[in-house]
Amino acid sequence: MKRDLSIETKGLRRLFKGIPGKGDVIALDQVDLEVYDDEIFGLLGPNGAGKTTLIKILCTLLLPTQGEALIKGLDVVKQAPQIRRLINLVSGGETPGYGILSVKENLWFFSQLYGLSRDFAKDRIAKLVDQLELQDYLNTRMSKLSTGYKQRLNLARGFVNDPAVLFLDEPTLGLDVLSARRLRTLVQDWIKSGGKTVLLTTHYMAEADQLCDRVGIINRGKRSSSCLRTSLPCRTF
Ligand SMILES: Nc1ncnc2c1ncn2[C@@H]1O[C@H](COP(=O)(O)OP(=O)(O)OP(=O)(O)O)[C@@H](O)[C@H]1O
Ligand SMILES: [Mg+2]
C-alpha cells in the first residue's frame, strides 16, 4: 500500500558562512528524508550533527541554502504561511511563552495565535492541562515554574493547535522519569488519532526505541544510508 508523504527533503543543504574560528560550517549536506503520515520518525545523531538545523528549516524558521523541503507537499520556502498552520514545534530547554503570563494565560494566548475557536481552545487546553498535570500551576506565572514544569507548558503549547505535523526537538529534556513517560504516552495516543506525523530528535536511545516507527541517523550534516527500524526489520532507503 502506498503511504502519503508528510515530510520530504531532497538534497537539502545548509551552510553557515564565516563563523569565527570555524569559517564556513556545512550544517546539512545533501540530506534526503522521507517521513510518512501516521509515523513517528526519530532523528538521532551526536551534538552538532545538524538535527536542529533540519527541524528549523522544516518549521520555516531557517532558509535552506540548497535543495528542497516539503511539508504535506508544500514548499518551506514558497509556501511558509500555509505550512505554519499545519505544524508545531517543541524544543527542549526552550523558554515557553511569556514569563509574566500564567500557565493558563500563556496557553490561551497561543491558542488564539493559532486562531482556534473559543470552545475548541477551552476543551483542548483543559485536556492538555489534565494530560500534562498542570492543574496546580494554572495561575502560576511561567517565570516562576521549575524547569520540568516549564517544559510541560512548552509541550502543552506544542499540542494546542492539534497540528498535523509535530516537531519535537529533545522534548523530554528536563523532565523527570515519570513526566517523560507520560509525554511518551501522550505522543503515542495522539498519533493514533490519525493523520498525524511526528519528527523527533532525542539523545535517549530508550526513548527512540519506545516511540519511533523508524529511526534515521545524521552525522556531520549527512544522513547515513541505512535506517534502523526499531520494531521492524532494518532496511535501506
Ligand atoms: N545560527 C548558527 N550559526 C552558525 N552555526 C550554526 C548555527 N546553528 C547551528 N550551527 C552549526 O551547525 C551545526 C549543526 O548544529 P545543530 O544545532 O543543527 O546540531 P544538533 O544535531 O541539533 O546538535 P545537538 O544534539 O547538540 O542539539 C553545528 O556545527 C552548529 O555549530
Ligand atoms: Mg539540537
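Predicted model only: the values in this text are computed from it and were never measured.

Rules and cut-offs
Residues numbered from 1 in each chain as written. Chains lettered and ligands numbered in written order. Predicted model: local features only at pLDDT ≥ 70, side-chain atom pairs only at ≥ 80, totals over all residues. Heavy atoms only, no water. Helix = DSSP H or I, 4+ residues; strand = E, 2+ residues; numbered from the N terminus. Rg over C-alpha atoms; globule rule 2.2 N^0.38 Å. Contact = heavy atoms within 4.5 Å. Areas by Shrake-Rupley, 256 points an atom, 1.4 Å probe, with all protein chains shown as cover. Axes fitted to C-alpha atoms, helices over the stretch in contact; angles between N-to-C directions. Parallel < 35°, antiparallel > 145°, perpendicular 65-115°, else oblique. Nonpolar A, V, L, I, M, F, W, Y, C, P; charged D, E, K, R; others polar. Buried < 20%, exposed > 50% of the residue type's maximum accessible area, 1.4 Å probe, protein only. Pairing = 2+ DSSP bridges. Right-handed = clockwise from strand over helix to strand, strands pointing away. Domains from an automatic or database assignment. Buried area = accessible area lost by both parts, 1.4 Å probe. Salt bridge = Lys/Arg side-chain N within 4 Å of Asp/Glu carboxyl O. Near = heavy atom within 4 Å. Polar contact = N/O pair within 3.5 Å; in protein donor to acceptor, adjacent residues only side chain to side chain.

Turning to the overall build of the protein chain, a few remarks are in order. Broken down by element type, the protein chain carries seven helices and eleven strands. A globule of 237 residues ought to have a C-alpha radius of gyration of about 18 Å, and the protein chain, at 18 Å, matches this closely. Projecting the C-alpha coordinates of the protein chain onto the three principal axes gives extents of approximately 45 × 45 × 35 Å. Considering only residue pairs separated by 6 or more positions, the protein chain has 66% of its internal contacts joining residues 24 or more positions apart. Within the structure as shown, the protein chain displays about 11,800 Å² of accessible surface, and the carbon and sulfur contribution to it stands at 52%.

Moving on, we get to the packing of helix α5 (residues 147-159) against helix α6 (residues 177-192). Two numbers describe how α5 lies on α6: the axes approach to 12 Å, and their chain directions differ by 5°. Relative to α6, the element α5 is oriented roughly parallel. Seen from α5, the contacting residues are R152, L155 and F159; seen from α6, they are S179, R182, L183, L186, V187 and W190. Its residues placed into classes, the contact of α5 with α6 shows six nonpolar, one polar and two charged.

For the rest of this paragraph, the subject is the pairing of strand β7 (residues 165-169). Judged by how many residues are buried, β7 sits mostly within the fold: five of five residues are covered. Along β7, one buried face is formed by V165, F167 and D169 and the opposite face, lined by L166 and L168, is buried too. In this structure, strand β6 (residues 87-91) lies alongside β7, joined through five bridges in parallel fashion. The residue bridging L89 from the neighbouring strand is F167, located in β7. Crossover connection from β7 via α6 to parallel strand β8 (residues 197-201): handedness right-handed.

Looking at chain direction, strand β1 (residues 5-19) and strand β2 (residues 23-36) are connected through nine bridges and run antiparallel. When the bridges of β2 are listed, L15 appears paired with I26. Where β1 folds back onto β2 in an antiparallel hairpin, the turn is made up of three residues, including G21, whose phi is positive at roughly 80°.

As a further point, take the sheet that holds strand β5 (residues 74-75). Adjacent strands of a sheet pair through backbone hydrogen bonds, lying either parallel or antiparallel. The four strands lie next to each other as β2-β1-β4-β5, forming an open sheet whose pairing is antiparallel. The sheet is open, and its two borders are formed by β2 and β5, each paired with just one other strand.

Where interface size is quoted, it is often the accessible area lost as the parts come together. Entries for the protein chain in the domain assignment read domain 1 (1-86 + 163-237) and domain 2 (96-162). Taking the mean C-alpha position of each, domain 1 and domain 2 sit 24 Å from one another. Contacts between the two partners involve 19 residues from domain 1 and, on the opposite side, 14 residues from domain 2. Of the roughly 1,200 Å² buried between domain 1 and domain 2, counting both surfaces, carbon and sulfur atoms make up 62%. For the domain 1 face of the interface with domain 2, the top three residues by lost area are P163, R182 and L186, together amounting to 40%. Counting the contacts that link domain 1 with domain 2 gives two salt bridges.

Moving on, we come to the site of ligand 1. The environment of ligand 1 is made up of 15 residues, and the closest members are G48, K51, T52, T53 and H203. One of the backbone nitrogen or oxygen atoms of G50 is found 2.9 Å away from an oxygen atom of ligand 1. For ligand 1, an oxygen atom lies 2.8 Å from a polar atom in the side chain of K51. Starting from 640 Å² of accessible surface for ligand 1 in isolation, the protein chains cover 68%. Those elements that place two or more of their residues in the shell around ligand 1 are β1, β2 and α1 (51-58). A per-element tally of the shell around ligand 1 places α1 first, with three residues. Broken down by class, the residue content of the shell around ligand 1 amounts to six nonpolar, six polar and three charged.

Moving on, we come to the environment of E94. Positionally, E94 belongs in the loop between β6 and α3 (103-113). Spatially, the C-alpha atom of E94 lies 9.7 Å from that of T147, the residues being 53 residues apart in sequence. Filtering out sequence-adjacent residues up to four positions away, E94 remains in contact with N154 and R157. Polar side-chain contacts of E94 include one of 3.3 Å to the side chain of N154.

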